[in-house]
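Each chain, letter by letter, is given below.
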Amino acid sequence: MADTTQTPAPQGNKGWSTGTKVLVGVIALIFVVAVIAIVTLTVAVVGSQTGASFPYSTTYRVSIPDGQPVTIGSTSILVMTYENEVVTEVDGVKEKLVAGQERVISPHNAKISALGIPVMETDFQITLTYLGTSGKNALFDMNVRTSKQIPEIVINKLIPSSMNAQPA
């Protein structure tokens, strides 16, 4: 009589091990929390600060629409161009500039939060250097100096998209 018993074929690994599943789950959770933290990133600008030093600096080329107010943090900026001059109004204080002149905006303090939790705090100061006009926009080099090194994503939260900020 012939032997009719069969030995099962090796099954191999039908899936991930428990350790691999846990690792993938932890990585996915970290990724989701990071995305939510970036989406909920807020920058609250509070009163003026004096006496702070600003060792860190980033410069952007920006364009400010003529006659349309823009807000950086809590600072309102309005520009009005005429020939090779611009009148800048920062929080109600007017100053006339010609190409190459600077306008220093008083220092402020920014509190950065993600997921509603305070992450960091820094003092910052903005200097605008007038470059001229392009169509209906006034062009500036905008130097943002900070008391602590902060990620560019935080600075980008301060600068409105209407300014078309490009790193210089």
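Right above here is the structure, for reference.
Residues numbered from 1 in each chain as written. Predicted model: local features only at pLDDT ≥ 70, side-chain atom pairs only at ≥ 80, totals over all residues. Heavy atoms only, no water.

(A) Representation of the overall build of the protein chain within the structure. Broken down by element type, the protein chain carries two helices and 10 strands. Traced from its N-terminal end to its C-terminal end, the protein chain shows the element sequence α-β-β-β-β-β-β-β-β-β-α-β. For the protein chain, buried positions account for 30% of its 168 residues. Partitioning the contacts of the protein chain with sequence separation of at least 6, the portion at a separation of at least 24 is 60%. For the protein chain, the computed accessible surface area is about 10500 Å², with 57% contributed by carbon and sulfur atoms. (Helix = DSSP H or I, 4+ residues; strand = E, 2+ residues; numbered from the N terminus. Buried < 20%, exposed > 50% of the residue type's maximum accessible area, 1.4 Å probe, protein only. Contact = heavy atoms within 4.5 Å. Areas by Shrake-Rupley, 256 points an atom, 1.4 Å probe, with all protein chains shown as cover.)

(B) Layout of a nonpolar patch on the surface. A contiguous nonpolar patch, built from L29, F31, V32, V33, V35, I36, V39, L115 and I117 and spanning about 820 Å² of accessible area, is present on the exposed surface. Considering every element that reaches the nonpolar patch, the biggest residue donor is helix α1 (residues 18-39), with seven residues. Within the secondary structure, V35 is located in helix α1. Accessibility expressed as a relative area gives 37% for V35, which makes it partly exposed. (Patch = residues over 30% accessible without salt bridge, like charges linked within 9 Å, V, L, I, M, F, W, Y side chains within 5 Å. Salt bridge = Lys/Arg side-chain N within 4 Å of Asp/Glu carboxyl O.)

(C) Fine view of the nonpolar core. Ranked by internal contacts, the top residues of the largest apolar core, which has 31 residues, are I77, I126, F140, M142 and M163. Excluding anything up to four places from it in sequence, I126 contacts I72, R103, V104, I105, M142, N143 and V144. (Core = buried A, V, L, I, M, F, W, Y, C linked by side-chain atoms within 4.5 Å.)

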